[in-house]
Amino acid sequence: MAASSSISAQDRNRLNLSWLIKLRGASVAGQLATVLGVYGILDIHVPLVPLLLVIGVQALSNFAVAIGFRNKDQVHEWQLAAIMALDVMFLTLLLFLTGGPSNPFSFLYLVNIALAAVALQARWTWMLVALAVLQVGALPLMEYRELPLEHLALAEQEAIYQQGRWVALGVTAGFIVHFLM
């Protein structure tokens, strides 16, 4: 993804938008697979309808971005930052519905921050860092939903969290490496 210094800022923004659209599509697919896997395979009854609604709105927003910018001559850096900020908010909503800051997938905030560090000027990247930190900090104040694991023994609950951390770290690292190389 590293952009050459010989291309114009506008071409770099268009390239970054293209990568961002792909990342958002992969995120939607991964979120859908995770929610359905947790619900159907692990038998953890997360709030399926609200989660699918958030993922659906995120998918629609990605489609709107792809269509809306298809014939545009200019892509502004603030637009990229706004799309990334929206993704931080979508992640916060998903975490709100699935365990808040204790959800291992909170690692995924780092994907947008890493992408911003490569694609945007420092002021936009720091804005995304601040937004992510504020939203993670606000989750406990919003009375997020704990993962419904009460039907499992304590050892099984810890095993679920350990597996979740392992998967979340792998997914986060994979996204960062794939989209930033």
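As shown above, the structure is provided for reference.
Residues numbered from 1 in each chain as written. Predicted model: local features only at pLDDT ≥ 70, side-chain atom pairs only at ≥ 80, totals over all residues. Heavy atoms only, no water.

Trainee: Any chance you could explain the layout of surface pockets here in plain terms?
Mentor: In this approach the atoms are scanned with a rolling probe the size of a water molecule, which exposes any empty space left behind. Taken as a whole, the largest pocket spans an internal volume of roughly 800 Å³. G30, T34, N103, F105 and L108 are the residues nearest the centre of the largest pocket, which is lined by 37 residues in total. Looking at side-chain class alone, the lining of the largest pocket contains 24 nonpolar, 11 polar and 2 charged residues. (1 Å grid on protein atoms, 1.4 Å probe; cavity = no way out; pocket = protein on both sides within 12 Å on 5 of 7 lines; lining within 4 Å. Points joined across faces, edges and corners; volume = space filled by probe spheres on them. Nonpolar A, V, L, I, M, F, W, Y, C, P; charged D, E, K, R; others polar.)

Trainee: Honestly, the packing of aromatic side chains in this entry has me stumped. Any pointers?
Mentor: Aromatic ring pairs: the centre-centre distance and the angle between the two ring planes describe each pair. On inspection of all chains with the given rule, the structure shows 0 aromatic pairs. Just above the ring of W19 sits the side chain of K22; from NZ or CZ to the centre is 5.3 Å. (Phe/Tyr/Trp six-rings, centres within 6.5 Å; stacked < 30°, edge-to-face > 60°. Lys NZ or Arg CZ within 6 Å of the ring centre and 35° of its normal.)

Trainee: Would you mind going over empty space enclosed by the protein with me for this structure?
Mentor: All chains considered together, the criterion is met by 1 cavity of 30 Å³ or more. Considering only enclosed or pocket space, the largest cavity measures out at about 40 Å³ in volume. Lining the largest cavity, in full, are L23, V111, A114, L115, F175, I176, F179 and L180. For the lining of the largest cavity, the secondary-structure elements that each account for two or more residues are α4 (109-119) and α6 (154-180). If you tally residues by element for the lining of the largest cavity, the top one is α6, at 4 residues. Class assignment of the residues belonging to the lining of the largest cavity gives a composition of 8 nonpolar, no polar and no charged. (Helix = DSSP H or I, 4+ residues; strand = E, 2+ residues; numbered from the N terminus.)

Trainee: Explanation requested: the environment of T172 in the structure shown.
Mentor: With respect to the helices, strands and loops of the structure, T172 is situated in helix α6. With 64 residues separating them in the primary sequence, T172 and L108 have C-alpha atoms 5.5 Å apart. Those residues in contact with T172 that sit more than four places away from it in its chain are F107, L108, L110 and V111. Among the polar contacts made by the side chain of T172, one reaches the main-chain carbonyl oxygen of A168 at a distance of 2.8 Å. (Contact = heavy atoms within 4.5 Å. Polar contact = N/O pair within 3.5 Å; in protein donor to acceptor, adjacent residues only side chain to side chain.)

Trainee: How should I be thinking about the nonpolar core in this particular structure?
Mentor: One broad rule of soluble globular proteins: the nonpolar side chains tend to lie buried together. Membership of the largest hydrophobic core comes to 31 residues, with the highest contact counts inside it found for L17, L20, L23, M84, L120 and L128. Counting residues per element, the ones that place at least two in this core are α1 (9-40), α3 (77-97), α4, α5 (122-138) and α6. It is α3 that contributes the most residues to this core, 8 residues altogether. In this view, L20 contacts L80, I83, M84, D87 and L115; residues no more than four positions away in its chain are not counted. V54, I55, F90 and Y161 belong to the second-largest nonpolar core, a separate cluster that totals 15 residues. (Core = buried A, V, L, I, M, F, W, Y, C linked by side-chain atoms within 4.5 Å. Buried < 20%, exposed > 50% of the residue type's maximum accessible area, 1.4 Å probe, protein only.)

Trainee: Could you clarify how one ought to interpret the pattern of salt bridges in this entry?
Mentor: Close approach of charged atoms allows side chains with opposite charge to pair. Summed over the entire model, instances satisfying the criterion amount to 2 salt bridges. Taking the shortest distance from any N to any O, the salt bridge between D87 and R24 comes out at 2.8 Å. Of the two residues, D87 is situated in helix α3 and R24 in helix α1; the sequence distance between them amounts to 63 residues. In this structure D87 comes out as buried when scored by relative accessible area, which is 6%. Residue R165 is joined to E158 by a salt bridge in which the shortest nitrogen-to-oxygen separation is 3.0 Å. (Salt bridge = Lys/Arg side-chain N within 4 Å of Asp/Glu carboxyl O.)

By themselves, these figures tell us nothing about what the structure is for.
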